[in-house]
Amino acid sequence: MRWLLLAVLVAVLGLALGVQRGWLELPPRWDPRTPLEVRAPPDWLSGWRLWRLRRDPALCAQVLASSQLDYVSQPDSRLDSDCPLRNVVRVRAGHAAFSASFLATCPLAVSYALFEHHDLQPLAREILGQSVVRVEHFGSFACRRIGGSQRWSRHASADALDVGAFRLADGRSVNVAGHWRSEGTEARFLRAVRDAACQHFQAVLGPEYDTAHQDHFHLEVGGFGVCR
Ligand SMILES: [Zn+2]
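This section reports on the structure supplied with the text. Since this is a predicted model, take the numbers as computed values, not measurements.

Glancing now at the layout of surface pockets. Reported here for the largest pocket is a volume of approximately 540 Å³. Of all elements in the fold, only β7 (203-205) and β8 (217-220) reach the threshold of two or more residues within the lining of the largest pocket. Residue composition of the lining of the largest pocket, grouped by class: 10 nonpolar, nine polar and seven charged. Put simply, the second largest pocket is a space of about 320 Å³. What lines the second largest pocket is a set of 18 residues, and nearest its centre among them are Leu 36, Pro 41, Pro 42, Asp 43 and Ser 46. Among the elements of the structure, α2 (46-53) and α4 (106-128) are those that each provide at least two residues to the lining of the second largest pocket. In terms of residues, the lining of the second largest pocket owes the most to one element, α2, which gives four residues. Tallied by class, the residues present in the lining of the second largest pocket amount to eight nonpolar, six polar and four charged.

Structure below.
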């Protein structure tokens, strides 16, 4: 058993070295160096590609440019401000419009693009029979600390977005405050959205988390893996 493990380890390391040195040619989809494609179906390398772009602003910008989002890049803010912003864009729309444009770090914008394209819209069509045309949010950037603590909120670096409701093509609104604890398709949709969001954001906090999140989903990147 030990020899088998050793042989597998040597094979994996040899493969990695071969790819890194350019001795081996992998198809782009199997090559870990290929940038993430937002609209391509997620696969076993998606997590690695997401991890890479969160650490590489130029790579993140390249990936975001290929997404469905309408956005404008923003200049970095002054370093001496309490909450300096780096690598930030103003997101204006996705497949669905927003109640207002918002500031987001590039990694947050990429996570949102993945979430909307692969889960939010497909779940709305599957469970509610129509698309989401407008996402109502409570904001992203806010220079503040986490309530009752000294730690800065992920909102202080524009790494988090609070989403409260989804307006559908027929004008109906599905909202966290009113539908999370209800019975029926709206609640089923919201629960499916929360679960799916956990695959694209590093933390998702909703009504099950605490009383501060009764009316919205807090979606963040760069934090801990919480999904409630
Ligand atoms: Zn929040």
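Pairs may arise between side chains of opposite charge once their charged atoms sit close together. Counting across every chain of the model gives 11 salt bridges. Where Asp 76 meets Arg 86, a salt bridge forms, and the shortest distance between an N and an O atom there is 3.6 Å. With a gap of 10 residues between them, Asp 76 in the loop between β1 (70-73) and β2 (88-93) and Arg 86 in the loop between β1 and β2 connect regions that are remote in the sequence. For Asp 195, the salt bridge is made with Arg 194, and the minimal N-O distance between the two is 2.9 Å.

Cut-offs applied
- Residues numbered from 1 in each chain as written.
- Predicted model: local features only at pLDDT ≥ 70, side-chain atom pairs only at ≥ 80, totals over all residues.
- Heavy atoms only, no water.
- 1 Å grid on protein atoms, 1.4 Å probe; cavity = no way out; pocket = protein on both sides within 12 Å on 5 of 7 lines; lining within 4 Å.
- Points joined across faces, edges and corners; volume = space filled by probe spheres on them.
- Helix = DSSP H or I, 4+ residues; strand = E, 2+ residues; numbered from the N terminus.
- Nonpolar A, V, L, I, M, F, W, Y, C, P; charged D, E, K, R; others polar.
- Salt bridge = Lys/Arg side-chain N within 4 Å of Asp/Glu carboxyl O.

Structural measurements only, silent on function.
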